[in-house]
Structures are given as structure tokens and as C-alpha cells.
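One-letter residues, chain by chain:
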Amino acid sequence: MTHEHMLSEDQRDALQEIANIGMGLAGARLATLLGEFIQLSIPSITPVRVEDLPAVLGKFVGDQEFVTVVRQAFTCDVRGEALVLLGDDAIPELWELMGYDPASDTLDAASEQEVLIDLSNLITGACLSCMFEQLGRSLTFSPPTLMGRRVSLTQLLRPEAMAWDLSLLVEVKFSIENHTFCAHLVMFTGEDSLKTLKMALDELLECM
Amino acid sequence: MTTRMEGALSDLIVDNMSVGVFVVDPQFKVIRWNRFMQNRSGRSPADVLNRNLFEVFPELPRAWLSKKFESVFLLKNSAFTSWQNRPYLFQFQHDRPITGGIDYMRQDCTFMPLIENGEVTAVCVILFDVTQAAMISYEREAALAALSESSRRDGLTGVFNRHHLEVRLSEAFTQWTRSGSDFSLLMIDLDHFKQINDEFGHLVGDAVLRMSASRIGELLPPTAIFGRYGGEEFAVVLPSTLLDEAMEIGQQICQAVTREPVQCGDSQVKISVSVGVAQTTSAIKQYEMLIKQADGALYLAKSRGRNRAVSSLPI
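Now for a quick tour of the structure. Residue numbers here run from 1 along each chain, matching the order of that chain's written sequence. Chains carry letters and ligands carry numbers; both start at the beginning, A for chains and 1 for ligands, and go up in the order they are written. The model is predicted, so local features are restricted to residues of pLDDT at least 70 and side-chain atom pairs to those at 80 or more, both for listing and for counting; the totals for chains, interfaces and linings are taken over all residues. The basis for the side-chain values is all heavy atoms of the structure; hydrogens and waters are excluded.

## Notes on a nonpolar patch on the surface
Within this analysis, patches are made of residues with over 30% relative accessible area and no salt bridge. Like charges are joined at 9 Å or less; nonpolar side chains (Val, Leu, Ile, Met, Phe, Trp, Tyr) at 5 Å or less. Under the convention used here, a 1.4 Å probe and the Shrake-Rupley method define accessible areas, while residue burial counts only the protein chains that appear. For this analysis, a salt bridge means a side-chain nitrogen from Lys or Arg found within 4 Å of a carboxyl oxygen belonging to Asp or Glu. Taken together, the side chains of M1(B), M5(B), L9(B), L12(B) and I13(B) present a nonpolar region at the surface, about 520 Å² in accessible area. Residue position: L12(B) is located in helix α1 (residues 3-16). Secondary structure elements are defined from DSSP: runs of H or I of at least 4 residues count as helices, runs of E of at least 2 residues count as strands, and each element is numbered from the N terminus.

## With respect to the side chain of S66(B)
Residues and elements named next belong to chain B. Summarising the element assignment, S66 is placed in helix α5 (residues 62-75). For every residue, the accessible area (1.4 Å probe, protein chains only) is compared with the maximum for its type, and the residue is labelled buried under 20%, exposed over 50%, or partly exposed between those bounds. By relative accessible area, which is 11% here, S66 ends up buried. Contacts of S66, omitting those with residues within four sequence positions, involve F28 and F54. By definition in these notes, contact holds between two residues if any of their heavy atoms fall within 4.5 Å.

## Digging into the sheet that holds strand β3 (residues 79-81) of chain B
All names here are of chain B. In short, DSSP must find at least two bridges between two strands for them to pair. The five strands lie next to each other as β2-β1-β5-β4-β3, forming an open sheet whose pairing is antiparallel. In the strand order of this sheet, the two ends are held by β2 (30-33) and β3, each with one partner. Across the sheet, the mean angle from the axis of one strand to that of its neighbour is 20°, orientation sign disregarded. In this structure, strand β1 (residues 20-24) lies alongside strand β5 (residues 119-129), joined through five bridges in antiparallel fashion. Along β5, the bridge assignment pairs V23 with C124. Throughout, an axis means a line fitted to C-alpha atoms (over the contacting stretch in the case of helices), and angles, computed between N-to-C directions, take values from 0 to 180 degrees.

## Digging into the interface of chain A and chain B
You'll often see interface size given as the accessible area lost when the parts meet. Across the contact, 24 residues belong to chain A and 16 residues belong to chain B. Reported buried area values correspond to the accessible surface (1.4 Å probe) lost by two parts on association, with both partners' losses combined. Together, the buried faces of chain A and chain B total about 1,700 Å²; carbon and sulfur atoms form 56% of this surface. Looking at the side of chain A facing chain B, the largest losses of area belong to R29(A), L33(A) and E114(A), adding up to 34% of the total buried there. Applying the counting criterion to the chain A and chain B interface returns two salt bridges. A salt bridge links E114(A) to R86(B), with the nearest nitrogen and oxygen atoms 2.7 Å apart. Each polar contact in these results corresponds to two N or O atoms within 3.5 Å; when the atoms are within protein, one needs to be able to donate a hydrogen and the other to accept it, and residues that are neighboring in sequence are counted only if both atoms are side-chain atoms. Taken together, chain A and chain B are joined by nine residue pairs in polar contact (both at pLDDT 80 or more).

Structure, rendered in C-alpha cells:
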């Protein structure tokens, strides 16, 4: 990572802090909505090179061979993409949680996808909005799309086809108490947005 | 611009855009209903406004949709639905009543929070008619399925081609190494095919191949995998079938093919096939060996006078 892209120690601390606060807020809101206790890990913030991306993400999901990935873009003056990596074995237990009626709805492939996409949208929306709220920004999101279902990460993310060199990656693990379901939210900002993000963090630091 | 004019302009835009717009309050009371929604639902604003959305449209998936609204009220974030997972929310007619062939308008929806003083006071839903895009996608899927099917088929006879046959044989073989459930392979060769071609011409030869494939196909069990292996050679994978049973099928094939001559124009062509039969055994380590076994049996059938089924020698 070149020097101008590197976050200073203060900036990094500030980002960690707003990520922590954001996830706390997001967890509380998601818990109210889902009526379950939500666990969000302490976010980890790391710069990542494009060629290391599959390996870094692979580490998050514990080197599971196949993952399901839902993607969304987020925009304010900082732009980026968020991926939710899910294990989709737990769909049946999420089914009622997401408001489906087991008596009248049928769990087919399309509604399975819908559960995954809906839940990903909730996680991404809550976590990123709460985080960027701390920077005084409100995000808009693209509709979520399923990038791949039970595919290998190397198949899904081909670094040679990506038009960036390095990115700042924020990762948080989401789980629901007493459920086996677990997901990883990964957020990337592009190189062009790093400068804006650094300025926003500096503003925040000045106010402190 | 005056505030009054701004309001009038917003109304003009919302009412005349060709997307659906409606707004509900936290009790799901409808507080805005644009012209698109009005025209498509056949329900006027007077009919809908200040009434509970689920009372006006009892066919809506209430539990799920109210959860969706709740998520926007609570999380202050947009939510989405896509036709790919849920083809439609409202049972609206689409613009292709004649050429469409699908039931209702395909819809993508975005649910947006109206935030006032930090609280979400209403949710605005934008409903896009994506029928056209959905239909293109359906057509593409159908074309891909047809293409994938035709890439497995032999152009002349319509049975599987050699490539697909080998793929399936290889799969069956791998399955067998795991499950141990034995299966059999038939190699079938048309007798004196070169002579038929020489005597009656290639068009008749083609007709003979088609007729043989059809006669064989008719008597195979539904689980059989039947393909054209080469010029005048066919092969059949018979899952969960032991040698004795496979031999019986082989003999039936011989009888069925030779039952009556093939009528081609003025010519009557007598046809018959020879069949080599082999079954998986512990000595067979690759699927190619199974082919070799069945081929050996086919050779025996030919040398013993053709028009018969012969089983492979044990190895």
C-alpha cells in the first residue's frame, strides 16, 4: 500500500471506533427487528491487495469449500461494495424469522434465495448505515444480487478481472444466538474513495 | 420556484411516471397512491387512501410483507424485492396480454424510508414493471436449455451423442465405485451396415440407423442411457442391472430390430444387430475397461454369426 493510501494511526483508530459503535447500533436494531439476540464481532479493518482477496475472504469463512455470496453497492461521497458470505445450511431456521408463514408458504429454490438476499440486505444496510451515520453520511444501496450460490471463492472472485489494486476491507461476523446461522459481512472501498474517507475521518478527529 | 409550484411539480412527476409509487404509514395505512398503481390495480385513490393496505389487497403475503415494512421502519434502510425470487407483489396485468404467456406483471420493488426528525414516519414503495426484462430472461433460459439439450444429442438419430454417453458412463462408473451397485453396458453394432450403404445408398443407410435407434429405444427401461457410440455402433448403460437381465434386454433388442425389414422407397432392407454385454466386476478399474469388455463380447457375437447377444467372458 502506497503511503498516500495508508491510514494514519489516528485515522485507523477513528475508523475502528466508528465501526465498533456502528456495529453496536446495528446489532441492537437487528435484534429488535428479528426478535433474537444478535452477535456482531468486533470489526476487523485491513488493507488488502486485489490478488490476496480470495485468500483473505477464504480465511474469514474458515476455508469452507463453497459459499453463497450476496453483493450490494453503497454510495455517498464514499463508494464501495459490500459482500455477505453466508453458509446456507441454516435457511430453514431463518425462514420463520424472516416472516414467512410455514403453514402457507413453500420453501422452494426461489424463496430460499429470497431469504438469503433479504437477510443480507438487512445485515449490510444496518451495519453500513450505522457506521456511516457516525461520519454524518447517509448511504444509498443498490438492490442486492446473488453473486453465487454454493460456489468456490476462487471461481467467484477473479482478481485478474478486477480493475483495482488495493482496497480497505472491513469485516464483521454476524450470528444469531441459539441459531447455527452465521454470516460474514465484508465491505470494500475503492482506491478513489479512500481519500474521501480519510478526509471524513480527519474531520471527525478535529471535532473530538 | 414557489413551494406551491414545487408541490404541483412533484405531484405531476409522481403521477405520470410509468412506475408504481405508493406510501404507507407505520400502521400500513396507504397515504399515497399514484396513477400507475391506480390504473394497474383498478382501485382509485378514494378506494385505497387512508385504508389498511392488507385490507384493500387481502391477497398480499401479509406476514412477510409487514416484516419487510418493519425492517424499513426499524433499520431506516431501504429494502428490495426482485422478480427473480418473488415474481410479483400485486396481481397486476402486464402489457403483453397476447404475446406474453405469463400470468402477472413481473415486479421489482424498492422500499424507502421517509425520515423526519430521525424517525421513519412512512415507507415509500417504488414498483417497477420488469415484465419485458423478465421475459427476455425466460427466453434466454429456454434457449440455453435447448442448446444444452441439443449439444448432448446425435443429429441423425436423436439419441445421446458419444460425448454425452461417455460422460454419463463415467458418472455411472464413479457412482458404482462408491455404492457398489453393479450395472451393465451393451455395445450394439448394426450387421452388414457397409453392404447396406453400398447397395442402397447413404440415404437408406441413414434411415436404417434412425429406425434401429427407434426400435432399440422403445424397449429400453426408463433409467437406461442410450447413445450413438460411432458410425453404426450404439451403446446402452443399464443402471442397477446385472448381466443376466442385461443379456435378456440384449436379446430383445436383436429380436426387435430384425422383426421386420425397413421400408425405404421401393427397397425393403433386412436389418439386424449384434450385441455385446458386460457388467461391472471388481476386476474392472476404469470405465474404458468396461467398454473394452463389451466390445470383446460384441466381437464374439459377430464371429458366432451375428444377430445375437453375447455376454463378455469373466476376467
